[in-house]
Amino acid sequence: MTTEKPGFSFAVDELFEFAEGTAVLLGRVIGVEPNLLAPSTVDLVINGEVVGQIKLDAERLPRAKDGRRSVETRAELPVAAIRSGHCILRSSI
C-alpha cells in the first residue's frame, strides 16, 4: 500500500524582485489548497516543461482578499522565462 504525500500546484501570476536578493511570487493554488505553503523544494514548470527546482523559504502573506497567495524565495530564478510564459510551482510534499 502506498501513501500519497500531500502536495500543491501554484500558478504564478506576478513576480517581484527585491534588492536584498529575495523574490516574491504571487499567484493561486490549483486544486486543493493547503492551509500553509510550507518551506519546501518545488519543481519550476514553465510552459509545461520542468526547468528546474527552487526552494521556497516562506509564505509571505497567507491569502489576499482576491484569493491569491504569495511565496518568498532566495533562489536564482529565470525571471524572463517566468514573466513571459505560463509558470507553475509544483510540490509533492
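The preceding data block contains the structure.
Residues numbered from 1 in each chain as written. Predicted model: local features only at pLDDT ≥ 70, side-chain atom pairs only at ≥ 80, totals over all residues. Heavy atoms only, no water.

Further remarks concern the side chain of Ser-91. Structurally, Ser-91 is set in strand E7 (residues 87-91). The residues contacting Ser-91, other than those within four sequence positions of it, are Gly-7, Phe-8, Ser-40 and Val-42. (Helix = DSSP H or I, 4+ residues; strand = E, 2+ residues; numbered from the N terminus. Contact = heavy atoms within 4.5 Å.)

The next point concerns the environment of Val-79. For Val-79, the position within the fold is in helix H1 (residues 79-84). In this structure Val-79 comes out as buried when scored by relative accessible area, which is 19%. For the pair Val-79 and Phe-18, spaced 61 residues apart in sequence, the C-alpha separation works out to 12 Å. Ignoring sequence-local partners within four residues, the contact set of Val-79 consists of Leu-15 and Glu-17. (Buried < 20%, exposed > 50% of the residue type's maximum accessible area, 1.4 Å probe, protein only.)

In this section: the nonpolar core. By size, the foremost hydrophobic cluster in this structure holds 19 residues, and its most contacted members are Phe-10, Leu-25, Ile-54, Ile-82 and Leu-89. Broken down by secondary-structure element, the contributors of at least two residues to this core are strand E1 (8-17), strand E2 (23-30), strand E3 (40-46), strand E4 (49-56), H1 and E7. Top element by residues in this core is E1. It accounts for four residues. (Core = buried A, V, L, I, M, F, W, Y, C linked by side-chain atoms within 4.5 Å.)

Secondary-structure assignment places Glu-72 in strand E6 (residues 69-73). On a C-alpha basis, the gap between Glu-72 and Leu-26 in space is 9.0 Å, while along the polypeptide they are 46 residues apart. The contact partners of Glu-72, leaving out residues within four places of it in the chain, are Thr-22, Ala-23, Leu-56, Asp-57, Ala-58 and Arg-60. Here Arg-60 takes part through its side chain, which lies 2.7 Å from a polar atom of the side chain of Glu-72. (Polar contact = N/O pair within 3.5 Å; in protein donor to acceptor, adjacent residues only side chain to side chain.)

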